[in-house]
Amino acid sequence: MNAPPFDKDKANRWFAVELNNRSWDLLEKPELTEAEADEVVHAAHASVYHWRQVGTVANHARALCLLANVYAALRRGGEAIRYARQCVELAEAHAGEIADWDLAFGYDCLARATAAAGDREAAAKVRQQARDYGDKIAEAEDKAVFDSWFASGKWHGIG
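None of the values given here were measured: they were computed from a predicted structure.

Asker: A description of the overall build of the protein chain should follow, citing residues and the corresponding values.
Answerer: Helix and strand counts for the protein chain stand at seven helices and zero strands. Here the C-alpha atoms of the protein chain give a radius of gyration of 16 Å, agreeing with the 15 Å that 2.2 N^0.38 yields for 159 residues. Based on the C-alpha atoms only, the size of the protein chain along its principal axes is roughly 55 × 40 × 25 Å. For the protein chain, the proportion of contacts with a sequence separation of at least 24, taken over those separated by at least 6, is 62%. In the structure as shown, the protein chain presents an accessible area of about 8,600 Å², 51% of it carried by carbon and sulfur atoms. Of the side chains in the protein chain, 19 bear a positive and 25 a negative charge, and the two mean positions are spaced by 3 Å.

Right, here's the structure in full:
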């Protein structure tokens, strides 16, 4: 196989960022068409793939968080829980390599996934864990971003 005529690492990083941003843009829409729902699933999975090629543990955990949120938004609870658990497990295993807000967002996506799966009682418990981690975020700007996200509930069933 011939070497590609471009820098693979730069290409992987570019696609990881672009697909991540496109996925979040779609998730922020009030409603998705069927075509957009398909696009967001494919874009989020592709972002995870590209981050796994060149990203850090934090990038990988954040990509899994995105994927869990995508499936939660689409009310595909089983898949959402799968990726949310992977996100939380990865973040917990590498707590020294991630930001203080990663676990807050990780538990938040697990709460949203659990709600999407229909278990509101368990979702409320996990949501409290997310809130507890959110309260530990040191940087005011980071905490404000988390608090805003945490307060949103447009497609999550837990807001």
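Still more ground to cover, so stick around.
Asker: Which residues make up helix 4 (residues 77-93), and what values go with them?
Answerer: With 17 residues, helix 4 extends 24 Å from end C-alpha to end C-alpha; this agrees with the ideal 24 Å at 1.5 Å per step. Taken residue by residue, helix 4 has Gly 77, Ala 80, Ile 81, Tyr 83, Ala 84, Cys 87, Val 88, Leu 90 and Ala 91 as its buried positions. Buried-residue contacts for helix 4 involve helix 2 (34-54), helix 3 (57-73) and helix 5 (102-116).

Asker: Outline the layout of surface pockets, listing residues and values.
Answerer: Quantified by volume, the largest pocket comes out at close to 430 Å³. The wall of the largest pocket is formed by 19 residues, among which Trp 24, Arg 62, Trp 101, Asp 102 and Phe 105 lie closest to the centre. Counting residues per element, the ones that place at least two in the lining of the largest pocket are helix 1 (8-27), helix 3, helix 4, helix 5 and helix 7 (140-151). The dominant element in the lining of the largest pocket, judged by the number of residues it contributes, is helix 3, at seven residues. Within the lining of the largest pocket, the residues separate by chemical class into 12 nonpolar, four polar and three charged.

Asker: Would you mind going over the packing of helix 6 (residues 120-135) against helix 7 in detail, with residue names and values included?
Answerer: Packed helices, taken two at a time, are described by the angle their axes make and the gap between the axes. The contact between helix 6 and helix 7 brings their axes to 10 Å, and the two run at 160°. With respect to each other, helix 6 and helix 7 are oriented roughly antiparallel. Where helix 6 crosses over helix 7, the handedness of that crossing is left-handed. Contacts between helix 6 and helix 7 pair Arg 127, Ala 130, Arg 131, Gly 134 and Asp 135 from the former with Lys 143, Phe 146, Asp 147 and Phe 150 from the latter. Across the contact of helix 6 with helix 7, the residue classes tally to three nonpolar, one polar and five charged.

Asker: So what's going on with the side chain of Asp 102? Which residues, and what values?
Answerer: As for its position among the elements, Asp 102 is in helix 5. Owing to a relative accessible area of 4%, Asp 102 belongs among the buried residues under this scheme. Engagement of the side chain of Asp 102 in a polar contact is seen with the backbone nitrogen of Ala 99, the distance being 2.8 Å. Sequence-distant contacts of Asp 102, that is, excluding residues within four places in its chain, are made with Ala 58 and Arg 62.

Asker: Run through the side chain of Glu 36, naming residues and quoting values.
Answerer: You can see Glu 36 is positioned in helix 2. Of the polar contacts made by the side chain of Glu 36, one reaches the backbone nitrogen of Thr 33; its length is 2.8 Å.

Asker: Could you give me a rundown of the pattern of salt bridges, with the residues and numbers involved?
Answerer: In total, this model carries 10 salt bridges according to the counting rule given. Across the salt bridge formed by Arg 131 and Asp 147, the nearest N and O atoms sit 2.7 Å from each other. On the criterion of sequence distance, the pair formed by Arg 131 in helix 6 and Asp 147 in helix 7 is long-range, its members being 16 residues apart. We classify Asp 147 as partly exposed; its relative accessible area is 25%. Beyond isolated ion pairs, a larger network of salt bridges with shared partners links Arg 131, Asp 135, Lys 143 and Asp 147.

Conventions adopted
- Residues numbered from 1 in each chain as written.
- Predicted model: local features only at pLDDT ≥ 70, side-chain atom pairs only at ≥ 80, totals over all residues.
- Heavy atoms only, no water.
- Helix = DSSP H or I, 4+ residues; strand = E, 2+ residues; numbered from the N terminus.
- Rg over C-alpha atoms; globule rule 2.2 N^0.38 Å.
- Contact = heavy atoms within 4.5 Å.
- Areas by Shrake-Rupley, 256 points an atom, 1.4 Å probe, with all protein chains shown as cover.
- Lys, Arg positive; Asp, Glu negative; His and termini not counted.
- Charge placed at Lys NZ, Arg CZ, Asp CG, Glu CD.
- Expected span 1.5 Å × (residues − 1).
- Buried < 20%, exposed > 50% of the residue type's maximum accessible area, 1.4 Å probe, protein only.
- 1 Å grid on protein atoms, 1.4 Å probe; cavity = no way out; pocket = protein on both sides within 12 Å on 5 of 7 lines; lining within 4 Å.
- Points joined across faces, edges and corners; volume = space filled by probe spheres on them.
- Nonpolar A, V, L, I, M, F, W, Y, C, P; charged D, E, K, R; others polar.
- Axes fitted to C-alpha atoms, helices over the stretch in contact; angles between N-to-C directions.
- Parallel < 35°, antiparallel > 145°, perpendicular 65-115°, else oblique.
- Left-handed = near helix turned anticlockwise from the far one by under 90°.
- Polar contact = N/O pair within 3.5 Å; in protein donor to acceptor, adjacent residues only side chain to side chain.
- Salt bridge = Lys/Arg side-chain N within 4 Å of Asp/Glu carboxyl O.

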